[in-house]
Amino acid sequence: MAAVYLEILKEDSRTKARLGKLHTPHGTIDTPVFMPVGTQGTVKTMTPEEIKEIGAGMILSNTYHLFLRPGHELVREAGGLHRFMNWDGAILTDSGGFQVFSLGDMRTIREEGVEFRSHIDGSRQFLSPEISMQVQMSLGSDVVMAFDECAPYPCTHTYAKDSLERTTRWLKRCKETLTTTDTQSLFGIVQGGMFEDLRRQSAAEITELDLPGYAIGGLSVGEPKDIMYEVLDYTVPLLPREKPRYLMGVGSPDALIEGVMRGIDMFDCVLPTRIARNGTALTRFGKVIVRNAGSARDFGPIDPSCDCYTCRNYSRAYIRHLLKAEEILGLRLMSIHNLRYLQILMHEVREAIKEDRLPEYREKCFSDYGYE
Ligand SMILES: CCNc1nc2cc3[nH]c(NC)nc3cc2c(=O)[nH]1
Ligand SMILES: [Zn+2]
């Protein structure tokens, strides 16, 4: 049995949603799951205990960032990322490619790999499938992501085709680099832009390698949501039913529910923690801009229905004051709430699948939240 595998408990009768458990060397996680992002070996402003308290069992960390600083060798010497950051839950590491595109400067893609300049000190750097695998093995992550190229949006059919074919060649190099045990935790990534024929080609090439899990890449890159959902509609069914499916970079409450209904098991997104730090809270009745004047004399909690540490102990007025005063506690209280909110949302989604009422839950969620 692979180091990482999905146990499907129930398949929804009216949608493609699945209720399951993701078994990893660092615990078993209920799916569908939202993973908080801990880019530099920390979920910003939160201790591992607080991450556990909000109900997260698996987080994401970024290879690109840890490779540049403090360096994967140092983390390995520290005993690996779990030890280094004192987190005994599961960790998924990305492979660095996407970050190079979104952060690095002056990058050049070659068959060999990607040359770029560090966003930290401008130094010339190089990442390849082989180096990415070495880094992720040093970090000791539970889920290793393949080194791929996320095709930009929009891009031509020719670009998307050349790019997906290189991503396939890179995936084979990833698999060859990993030890047999570590291939048990390697997730392949399907590319192909917004082109159905290319998504079919990529899915066929990637799933041929019979890996423990598959991600759908090249989405949530600026395309309209209905295009993302359309790509999911025809791509997810191409993936093996019994393997976990991971939609990277998603997302907002509506996109999480829509993704679950299309058969996605795993999600990650920086949105909840990022908007928290600039003063926006997620609630079941929509976003609340806590830092706005409207909250100045609002002595109630962010969300009365929320059970998080923040909502049990502090008012919107106090949190707004902290944010305006640039007090770090404000960032922490907002992050705790937003992450708890998404864990509650995913718990409610799992319950809805269990009780065969996911479409009805979606309707209620969307109308409460104010979506169309
Ligand atoms: C695992 C690294 N590879 C990889 N990461 C990604 C991360 C994303 N994050 C978003 N929206 C925020 N889209 C993504 C696409 C990819 C993608 O196509 N590939
Ligand atoms: Zn709360």
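Residues numbered from 1 in each chain as written. Chains lettered and ligands numbered in written order. Predicted model: local features only at pLDDT ≥ 70, side-chain atom pairs only at ≥ 80, totals over all residues. Heavy atoms only, no water.

Under an unreviewed UniProt entry, the name given to the protein is Queuine tRNA-ribosyltransferase, and the organism recorded is Desulfosporosinus hippei DSM 8344. Its UniProt record, at the heading Subunit (unreviewed entry), says of the protein: "Homodimer. Within each dimer, one monomer is responsible for RNA recognition and catalysis, while the other monomer binds to the replacement base PreQ1." On record in UniProt, under Sequence similarities (unreviewed entry), the comment for the protein is "Belongs to the queuine tRNA-ribosyltransferase family." (UniProt positions renumbered as here; feature names shortened; annotations may be inferred.)

Chemist: Help me understand the layout of surface pockets in this model?
Modeler: Leftover empty space is mapped by rolling, across the atoms, a probe with the size of a water molecule. Empty space within the largest pocket amounts to approximately 740 Å³. Lining the largest pocket are 38 residues, with Asn62, Phe98, Gln99, Asp268 and Val270 positioned closest to its centre. Here the element with the most residues in the lining of the largest pocket is helix α12 (residues 271-277); it accounts for 5 residues. Split by residue class, the lining of the largest pocket holds 16 nonpolar, 16 polar and 6 charged. For the second largest pocket, the calculated volume is near 210 Å³. Considering the residues around the second largest pocket, the lining is formed by 14 residues, among which Ala2, Asp210, Leu211, Pro212 and Lys243 are closest to the centre. Taken together, the residues of the lining of the second largest pocket break down into 8 nonpolar, 2 polar and 4 charged. (1 Å grid on protein atoms, 1.4 Å probe; cavity = no way out; pocket = protein on both sides within 12 Å on 5 of 7 lines; lining within 4 Å. Points joined across faces, edges and corners; volume = space filled by probe spheres on them. Helix = DSSP H or I, 4+ residues; strand = E, 2+ residues; numbered from the N terminus. Nonpolar A, V, L, I, M, F, W, Y, C, P; charged D, E, K, R; others polar.)

Chemist: Hey, could you run me through the side chain of Arg320 in this one?
Modeler: Along the polypeptide, Arg320 turns up in helix α14 (residues 316-324). Buried within the structure, Arg320 lacks any salt-bridge partner; Asp298 is the closest side chain of opposite charge, at an N-O distance of 10 Å. When near neighbours in sequence (up to four residues on either side) are disregarded, Arg320 contacts Val290, Arg291, Asn292, Ala293, Ser295 and Ala296. (Buried < 20%, exposed > 50% of the residue type's maximum accessible area, 1.4 Å probe, protein only. Lys, Arg positive; Asp, Glu negative; His and termini not counted. Salt bridge = Lys/Arg side-chain N within 4 Å of Asp/Glu carboxyl O. Contact = heavy atoms within 4.5 Å.)

Chemist: How should empty space enclosed by the protein be read in this particular structure?
Modeler: Taken as a whole and judged by the stated rule, the model has 3 cavities of 30 Å³ or more. Of the voids in this model, the largest cavity is the one considered here, and its volume is about 40 Å³. Contributing to the lining of the largest cavity are Arg284, Tyr341, Ile344, Leu345, Glu348, Tyr361 and Cys365. When contributions to the lining of the largest cavity are tallied by element, the ones reaching two or more residues are α15 (328-354) and α16 (358-369). Ranked by residues supplied to the lining of the largest cavity, first place goes to α15 with 4 residues. When grouped by side-chain class, the residues that make up the lining of the largest cavity number 5 nonpolar, no polar and 2 charged. Quantified by volume, the second largest cavity comes out at close to 40 Å³. As for the second largest cavity, its lining consists of Arg284, Asp303, Ser305, Cys306, His337, Tyr341 and Ile344.

Chemist: Is there a simple way to think about the coordination of the zinc ion (ligand 2) in this case?
Modeler: Tetrahedral coordination by four donors sets the ideal angle at the metal to 109.5 degrees; octahedral coordination by six donors sets it to 90 or 180 degrees. Coordination of the zinc ion (ligand 2) by the protein is provided by Cys306 (SG), Cys308 (SG), Cys311 (SG) and His337 (ND1), with metal-donor distances spanning 2.1 to 2.3 Å. The coordination sphere of the zinc ion (ligand 2) comprises 4 donor atoms, whose angles at the metal cover 99 to 120°; the geometry is tetrahedral. Counting the intervening residues between successive donors of the zinc ion (ligand 2) yields the motif C-x1-C-x2-C-x25-H. Owing to a relative accessible area of 9%, Cys306 belongs among the buried residues under this scheme. (Donors = N, O, S within 2.8 Å, 3.2 Å for Na, K, Ca; no water. Tetrahedral: all angles 85-135°; square planar, octahedral: opposite > 155°, others 65-115°.)

Chemist: How do you make sense of the site of ligand 1 when you look at a structure like this?
Modeler: Looking at ligand 1, there are 15 residues lining it, with Asp148, Gln191, Gly218, Leu219 and Ser220 nearest. For ligand 1, an oxygen atom lies 2.7 Å from a polar atom in the backbone of Gly218. Backbone polar atom of Ser220 to a nitrogen atom of ligand 1: 2.8 Å apart, as the coordinates give it. Across the complex, the protein chains shield 87% of the 440 Å² of accessible surface that ligand 1 would expose by itself. With respect to the pocket detection grid, ligand 1 is positioned in the largest pocket. Residues belonging to the shell around ligand 1 are distributed by class as follows: 7 nonpolar, 6 polar and 2 charged. (Near = heavy atom within 4 Å. Polar contact = N/O pair within 3.5 Å; in protein donor to acceptor, adjacent residues only side chain to side chain. Areas by Shrake-Rupley, 256 points an atom, 1.4 Å probe, with all protein chains shown as cover. Sits in = over half its atoms within 2 Å of the grid points.)

Chemist: Sorry if this is basic, but what is going on with the domain arrangement of the protein here?
Modeler: One widely used convention gives an interface's size as the accessible area the parts lose upon coming together. With domains assigned, the protein is organised as domain 1 (5-268) and domain 2 (276-369). Averaged C-alpha coordinates put domain 1 and domain 2 at centres separated by 27 Å. Residue-level contacts link 32 residues of domain 1 with 28 residues of domain 2. For the pair domain 1 and domain 2, the interface holds 5 salt bridges. Salt-bridge contacts for Arg332 lead to Glu50; the nearest nitrogen and oxygen are separated by 2.6 Å. Viewed at the interface, domain 2 and domain 1 are joined by 12 residue pairs in polar contact (both at pLDDT 80 or more). Among the secondary structure elements, those contributing two or more residues to the side of domain 1 that touches domain 2 are β2 (18-24), β3 (27-31), β4 (33-35), α1 (48-53) and α11 (253-261). (Domains from an automatic or database assignment.)

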